[in-house]
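# Understanding the architecture of this molecule
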Amino acid sequence: VVRDAKVLSQEVSSSVHLHSDYGGVVPEIASRFHTEYIYPVVRKAIDDAGVKKGEIELVAVTSGPGLPGSLLVGLSFAKAVSLALGVPIIGVNHLKAHMISCFIRPLFEIDDKFPFVGMVASGGHTGLYRCDGLDKWESIGRTRDDAVGEAFDKVAKIMGLGYPGGPRVEKRANRYKGTSPIDFPRAMLKGDKGLDFSFSGIKTAVLYYWKGCDKSESEIDRICYSFQKAVTEIIVEKLRRAMVFSGCRRLAVGGGVVENAAIRSGIEDMCEKNGYIFFLPSRKLCGDNAVMVAALGEALFLRGVRSDLTLNVSAVMN
Ligand code: KG4
Ligand code: ZN
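Scope of this entry: the structure provided in the associated data block.

### What to know about helix 9 (residues 261–274)
Look at helix 9: 20 Å from first C-alpha to last across 14 residues, which is about the 20 Å you get at 1.5 Å a residue. Residues of helix 9 that are buried: Ile-263, Arg-264, Gly-266, Ile-267, Met-270 and Cys-271. The arc that holds the buried residues of helix 9, viewed along the axis, is 165°, so those residues lie on one side. Turned more than 90 degrees away from the buried face of helix 9, the exposed residues are Glu-272 and Lys-273.

The structure is reproduced here in structure tokens:
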């Protein structure tokens, strides 16, 4: 629940533990969990915010991109709330919500931040955008295969570390105290401004390394450290190129992977070195959350954007 971009309550219910045996999100399990939990979660968010139902003036909901089965649960519920309370509904793009999550402070002062380069680094998406206004986003780079979070998840799965892989790989990487990391490939891709990403090569390199190594605890730490280091360098270099290509001075990054401390400090160092202004979300707002959706929905609504009950979900959106 958000008012004037001030967070009144934040409630996250995650089905992540139900997917850990499978090494990734199982769409059917996710949407069943959503159906079961959406009412109590929304109820708790409203209660924690200390607002009455009658004070709610707008319902914002993710309309895409994402898994249609899960999106439909949220959208159907949001439509019901909108109808029952007689308040407008607004559909929000999940990727844009990730990119504005770093601007959620007590006050939502986004207008003076444009233009900026935005990046989403999550389990489902990895892309670079030039952002000129709340309704003006241009895609300038994307992954050609895995999303970066997905690469963390797959590498963790190879080593039997469980799901989600990102936090587990980071924890193991922090334990590495050696000085001879493995030199995994950094796919920098030259063509098309060199702003696209590819993580399948490094994933395969980890797989082959894993098959030939002694699988000791210290070797797992070393692989995690080396993988995280390579991915950090790829992200930092792509962001640097995107800043040069776009001519922007400001950078905003969001998504679950931005919880990673090594990646955060890599981005900070690059920006400080080049005099760029950067915005990173607080750790609580990196992963999927409703606050970023509510805040973007409110900002769009105040700028005259409207949806109606014909709103549908979309698996793919720019
Ligand atoms: O944004 P998010 O919560 O969901 C999607 O929209 O996908 O991102 C989840 C992804 C997962 O792939 C997870 O492994 C990754 O973010 N992740 C991390 C870390 N924490 C979460 N990756 C690297 N380091 C982390 N600390
Ligand atoms: Zn997300």
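Structure shown, so let's carry the discussion forward.
### Things to note about the site of ligand 1
The environment of ligand 1 is formed by 19 residues, the closest being Gly-123, Asp-153, Gly-166, Glu-170 and Asp-288. Between ligand 1 and Gly-124, the relevant distance is 3.1 Å, taken from an oxygen atom to a main-chain nitrogen or oxygen of the residue. For ligand 1, the protein covers 87% of the area, taking 560 Å² as the surface of the free molecule. Secondary structure elements with two or more residues in the shell around ligand 1: helix 4 (94–100), helix 5 (148–158) and helix 6 (165–175). Sort the elements by how many residues they give to the shell around ligand 1 and helix 6 lands first, with four residues. The residue makeup of the shell around ligand 1, split by class, is four nonpolar, 12 polar and three charged.

### Structural notes on the pattern of salt bridges
All chains considered together, the criterion is met by 23 salt bridges. The partner of Glu-237 in a salt bridge is Arg-241, and the shortest N-O contact between them spans 2.9 Å. Residue Glu-237 and its partner Arg-241 are both found in helix 8 (residues 217–246); the two are separated by four residues, about one turn of the helix. When salt bridges with common partners are traced through the structure, they connect Asp-146, Glu-150, Lys-154 and Lys-203 into a single cluster.

Cut-offs applied
Residues numbered from 1 in each chain as written. Chains lettered and ligands numbered in written order. Predicted model: local features only at pLDDT ≥ 70, side-chain atom pairs only at ≥ 80, totals over all residues. Heavy atoms only, no water. Helix = DSSP H or I, 4+ residues; strand = E, 2+ residues; numbered from the N terminus. Expected span 1.5 Å × (residues − 1). Buried < 20%, exposed > 50% of the residue type's maximum accessible area, 1.4 Å probe, protein only. Arc of directions from axis to C-beta. Near = heavy atom within 4 Å. Polar contact = N/O pair within 3.5 Å; in protein donor to acceptor, adjacent residues only side chain to side chain. Areas by Shrake-Rupley, 256 points an atom, 1.4 Å probe, with all protein chains shown as cover. Nonpolar A, V, L, I, M, F, W, Y, C, P; charged D, E, K, R; others polar. Salt bridge = Lys/Arg side-chain N within 4 Å of Asp/Glu carboxyl O.

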